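Chains, contacts and geometry: an overview
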Amino acid sequence: TLQGSAKPGIGKDFGEIFRNRHFMRLIGVKFMQLTAIQATQASLLFFLVQSLQLKLTILVPFGLAMSVSSIIAAPLLVKFSKTYGKRAGYFLASTVYVAYCFSWLLAEPGEPLWALILRGLIVGVAATGNVMFAMSMLTDIINVDARESGQRREGSYTTVYTFVAKLTGAMAPLLVGTMLSPA
């Protein structure tokens, strides 16, 4: 707690965070976005093997490209956010992810390695921005709440945020698997 105030119960903490419209907006966007990301990632394996007729070993150069672009993108995205703001950075990262998803419409069997590596580079930037900006906005929401309420509720905020991430991580692949299952 701040300034020696009494600690409220956990139920009251959760009630307060669910009344925080900024947090609810962020968590709503994250729920929808993470569901879409988890579903596209779950279906990617099926798509690579069944539609593009590639071996799963193609994920090695794809993953390396994604990792390299994440490392390079992080400081560039920080600079972007200092100029244009976190919200604009989050929107940019989301837009890049949508472009990545649409790029698969151009894919066909025998897809060249360079095209897959390019997609890995693109999705690395998108994933970095998605995580970095969402977590940064969550921190801002927590700090504003603490200043306004005098209570530190970062545990409650991050519990809900993490629950949503875990829920979508379990739910989206289940939905994809259900949709791909024979009737």
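For the structure, check the block above.
Residues numbered from 1 in each chain as written. Predicted model: local features only at pLDDT ≥ 70, side-chain atom pairs only at ≥ 80, totals over all residues. Heavy atoms only, no water.

1. Focus on the overall build of the chain
Broken down by element type, the chain carries six helices and zero strands. Along the first, second and third principal axes, the C-alpha atoms of the chain reach 65 × 45 × 20 Å. Just so you have it, the chain exposes about 10800 Å², and 70% of that area is on carbon and sulfur atoms. Computed over 16 positive and 8 negative side-chain charges, the inter-centroid distance for the chain is 2 Å. (Helix = DSSP H or I, 4+ residues; strand = E, 2+ residues; numbered from the N terminus. Areas by Shrake-Rupley, 256 points an atom, 1.4 Å probe, with all protein chains shown as cover. Lys, Arg positive; Asp, Glu negative; His and termini not counted. Charge placed at Lys NZ, Arg CZ, Asp CG, Glu CD.)

2. Considerations on helix H6 (residues 154-180)
If you check H6, its first and last C-alpha atoms are 39 Å apart, about what 27 residues at 1.5 Å a residue would give, namely 39 Å. Among the residues of H6, Ser156, Tyr157, Val160, Tyr161, Val164, Thr168, Ala172 and Val176 are the ones counted as buried. (Expected span 1.5 Å × (residues − 1). Buried < 20%, exposed > 50% of the residue type's maximum accessible area, 1.4 Å probe, protein only.)

3. Let's talk about the pattern of salt bridges
Tallied over the full model, the rule gives five salt bridges. Between arginine 153 and aspartate 145 there is a salt bridge; the shortest N-O distance is 3.0 Å. Take arginine 153: its relative accessible area is 5%, and that puts it in the buried class. Close ionic contact of glutamate 154 with arginine 152 constitutes a salt bridge, the shortest N to O distance being 2.6 Å. (Salt bridge = Lys/Arg side-chain N within 4 Å of Asp/Glu carboxyl O.)

4. A look at the packing of aromatic side chains
In the structure shown here, the tally under the stated rule is six aromatic pairs. Between phenylalanine 14 and phenylalanine 18 the ring centres are 6.4 Å apart and the planes differ by 25 degrees, which places this aromatic pair in the stacked class. Taken together, the residues span about one helical turn, with phenylalanine 14 and phenylalanine 18 both in helix H1 (residues 10-18) at a distance of four residues. What links up through ring pairs into an aromatic cluster is the set Phe47, Tyr97, Tyr100 and Trp104. Here the basic side chain of arginine 119 rests over the ring of tryptophan 104, its NZ or CZ set 4.4 Å away from the ring centre. (Phe/Tyr/Trp six-rings, centres within 6.5 Å; stacked < 30°, edge-to-face > 60°. Lys NZ or Arg CZ within 6 Å of the ring centre and 35° of its normal.)

5. A short note on the environment of aspartate 13
Structurally, the position occupied by aspartate 13 is in helix H1. Accessibility expressed as a relative area gives 5% for aspartate 13, which makes it buried. When the C-alpha atoms of aspartate 13 and leucine 77 are compared, they prove to be 33 Å apart, with 64 residues separating the residues in sequence.

6. Describing the packing of helix H3 (residues 59-84) against helix H5 (residues 113-149)
Helix-helix packing is characterised by the crossing angle of the two axes and by the distance between the axes. For the pair H3 and H5, interaxial distance at closest approach is 6 Å and the crossing angle is 40 degrees. For the element pair H3 / H5, the angle class is oblique. For the pair H3 and H5, the sense of crossing is right-handed. The class makeup of the residues in the contact of H3 with H5 is 17 nonpolar, seven polar and one charged. (Axes fitted to C-alpha atoms, helices over the stretch in contact; angles between N-to-C directions. Parallel < 35°, antiparallel > 145°, perpendicular 65-115°, else oblique. Left-handed = near helix turned anticlockwise from the far one by under 90°. Nonpolar A, V, L, I, M, F, W, Y, C, P; charged D, E, K, R; others polar.)

7. With respect to the side chain of aspartate 145
Mapped onto the elements, aspartate 145 comes out in helix H5. Given the relative accessible area of 9%, aspartate 145 is considered buried. Apart from residues no more than four positions distant in its own chain, aspartate 145 is found in contact with Asn20, Gly150, Gln151, Arg153 and Tyr157. (Contact = heavy atoms within 4.5 Å.)

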